[in-house]
Amino acid sequence: MESFFVVGGRSLRGEVEIDPAKNSLLPILAGCILVKGEVCLENVPKYSDVMAMIKILEHLGGKVKFERGKFSNDNLIIDTRDIVYCDVPNELASCVRSSIFTLGPILGRKKIAKVAYPGGCDIGLRPVDIHISLLKQLGCKVIDKNGYIYGDASKRREGDVMLSFPSVGATENAMMFAVLGHGQVRIFNPAREPEIVDLQNFLNSCGAKISGAGSNLIVIDGVKRLHGCRYRAISDRIEAGTFMIAGAMTGEKVVIKNVIPEHNQALLSKLSKTACKIDVRDDTIIVERGGRLQSFGEVETAVYPGFPTDLQAPMCSLASICEGYSLVIESLFESRYKHIGELLKMNCDIRCKNGVCIIKGRDKIYGAEVSSPDLRGGVCLVLAGLVAEGYTTINNIELIDRGYFRLEDKLTSLGGDIKRIKCEKKVDNCS
């Protein structure tokens, strides 16, 4: 067991480089199942979710290894020419929500699949019925039984499919399933997130024929085979947003590099209301705090290009030190307020009812022993600890490691005082 120990009150200043996006890498890794060749993914951080997906690829028969490259992280070499299995057992699927992404590509390549229900953070109901509906629309026989999803694509067909809700995972599953085919598949009302575009670009680099990602219609013309390629995933807009919020909360001047500013327009518009100075230059965003922050008003989560649900928890930390009242509304996941109880331990003034949080900013919040409820809730507590008076211990940080690689090193390089500490079975025995 490990925890973060944070000493609050240190200003952040300096440069930080954003890693490739976890939420791009996971479907891209699943997409490698379709490739009869070798793929080199450049600059891959060892997120725990990525490592879990690597174990799934190896179970299916793929060969995976890291090699030193020219970037800060190693390159990942994936050879899936000899994929032989078509099942993802519970012990592998329970480690990562994105295991569901393997359903489409396994069916696309092997025509049969058996995938256990996925794990991941407990942030509320995330049913797989939209995934199953799309596959059925494309002629697959799908049975949900005893914790497994069984698929048979022997009578697959092409044509038009419609999403009842623009689910990111379901869109990606349908894209990957449709790639190896003989006709055309059109996906109406797909998700429009940048990670969808990234998956399209990766698959096209392998020989697929996909167009329209990022719009309200995706068109896939089937091909017989995909070949290997060299590819680098887009930068992580959620990590970039996290450091933008950190800069607003604690920073003198934080320079965030390797970002795609248009992917964070919803956040930029909110931060501009807090009296932060924000300078956007090509692939760099500079955030500088100039005195007491003002309330950003209201934030309501929505599908892209709306405000991302993955930044809702960090915004709660920001609101806790802004002058005045802020309103935070979570519209996508009913259980994504578990961090609120932990923030209350730090003297934050928050009242929640019916999915709406009213947050009154305080002059001071105080360090406490808290516990990460999930990935984004955990990093929200790190941000609060950076500005709190005194010491903060954050437990269950293995959840944070799912989507942030070497977070403590990046914050330390900016001047933060945060250490990863090992614990005994009981947190009281931390050393």
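Everything that follows concerns the structure shown earlier in this document.
Now for a look at the structure at hand.

Analysis parameters
- Residues numbered from 1 in each chain as written.
- Predicted model: local features only at pLDDT ≥ 70, side-chain atom pairs only at ≥ 80, totals over all residues.
- Heavy atoms only, no water.
- Helix = DSSP H or I, 4+ residues; strand = E, 2+ residues; numbered from the N terminus.
- Expected span 1.5 Å × (residues − 1).
- Buried < 20%, exposed > 50% of the residue type's maximum accessible area, 1.4 Å probe, protein only.
- Polar contact = N/O pair within 3.5 Å; in protein donor to acceptor, adjacent residues only side chain to side chain.
- 1 Å grid on protein atoms, 1.4 Å probe; cavity = no way out; pocket = protein on both sides within 12 Å on 5 of 7 lines; lining within 4 Å.
- Points joined across faces, edges and corners; volume = space filled by probe spheres on them.
- Nonpolar A, V, L, I, M, F, W, Y, C, P; charged D, E, K, R; others polar.
- Phe/Tyr/Trp six-rings, centres within 6.5 Å; stacked < 30°, edge-to-face > 60°.
- Pairing = 2+ DSSP bridges.
- Axes fitted to C-alpha atoms, helices over the stretch in contact; angles between N-to-C directions.
- Right-handed = clockwise from strand over helix to strand, strands pointing away.

## Regarding helix α6 (residues 168-179)
An ideal rise of 1.5 Å per residue puts 16 Å on 12 residues; α6 measures up with 17 Å between its terminal C-alpha atoms. In terms of burial, α6 is a largely internal element, 11 of the 12 residues being buried. Residues of α6 that are buried include every one of Gly169, Ala170, Thr171, Glu172, Asn173, Ala174, Met175, Met176, Phe177, Ala178 and Val179, and no others. N-cap assignment for α6: the residue whose side-chain oxygen lies 3.1 Å from the backbone N of alanine 170 is serine 167.

## Focus on the layout of surface pockets
If you add up the space inside the second largest pocket, you get close to 240 Å³. Taken together, 14 residues make up the lining of the second largest pocket; nearest its centre are Gly108, Lys111, Leu180, Gly181 and Lys224. Of the residues belonging to the lining of the second largest pocket, the class tally is four nonpolar, three polar and seven charged.

## With respect to the packing of aromatic side chains
Within this structure, the stated rule accounts for three aromatic pairs. Seen in terms of ring centroids, phenylalanine 5 and tyrosine 391 are 5.6 Å apart; in terms of plane orientation they differ by 20 degrees. Their pairing is stacked. One end of the pair, phenylalanine 5, is in strand β1 (residues 2-7); the other, tyrosine 391, is in strand β23 (residues 391-395), and 386 residues separate them in sequence. According to the relative accessible area criterion, tyrosine 391 is exposed, its value standing at 54%. When the centroid spacing of 5.7 Å and the interplanar angle of 70 degrees are considered together, the rings of phenylalanine 202 and tyrosine 231 count as edge-to-face.

## Some words on the sheet that holds β23
Pairing in this open sheet of four strands is mixed, and the strands run β22-β23-β1-β24 from one edge to the other. Both edges of this open sheet fall to β22 (369-371) and β24 (417-422), since each of them pairs with a single strand only. For this sheet the average axis-to-axis angle between neighbouring strands, irrespective of direction, equals 25 degrees. Across six bridges, the pairing between β1 and β24 is antiparallel.

## Description of empty space enclosed by the protein
Under the criterion given, the structure shown has one cavity of 30 Å³ or more. Taken as a whole, the largest cavity holds about 30 Å³ of empty space. Lining the largest cavity are Thr242, Phe243, Ala246, Val379, Val382, Leu383, Leu407 and Leu411. Secondary-structure elements contributing two or more residues to the lining of the largest cavity are α8 (237-250), α12 (375-387) and α13 (407-413). For the lining of the largest cavity, a count of residues per class yields seven nonpolar, one polar and no charged.

## Let's talk about the pairing of strand β19 (residues 325-329)
Where strand β18 (residues 298-300) and β19 come together, three bridges link them in parallel fashion. Counterpart to glutamate 298 in the pairing with β19 is leucine 327. Crossover β18 to β19 through helix α10 (residues 312-319) is right-handed. Where β19 lies against strand β21 (residues 356-360), five bridges are found, and the strand directions are antiparallel. Each bridged residue has a counterpart across the sheet, and for tyrosine 325 the counterpart in β21 is lysine 360.

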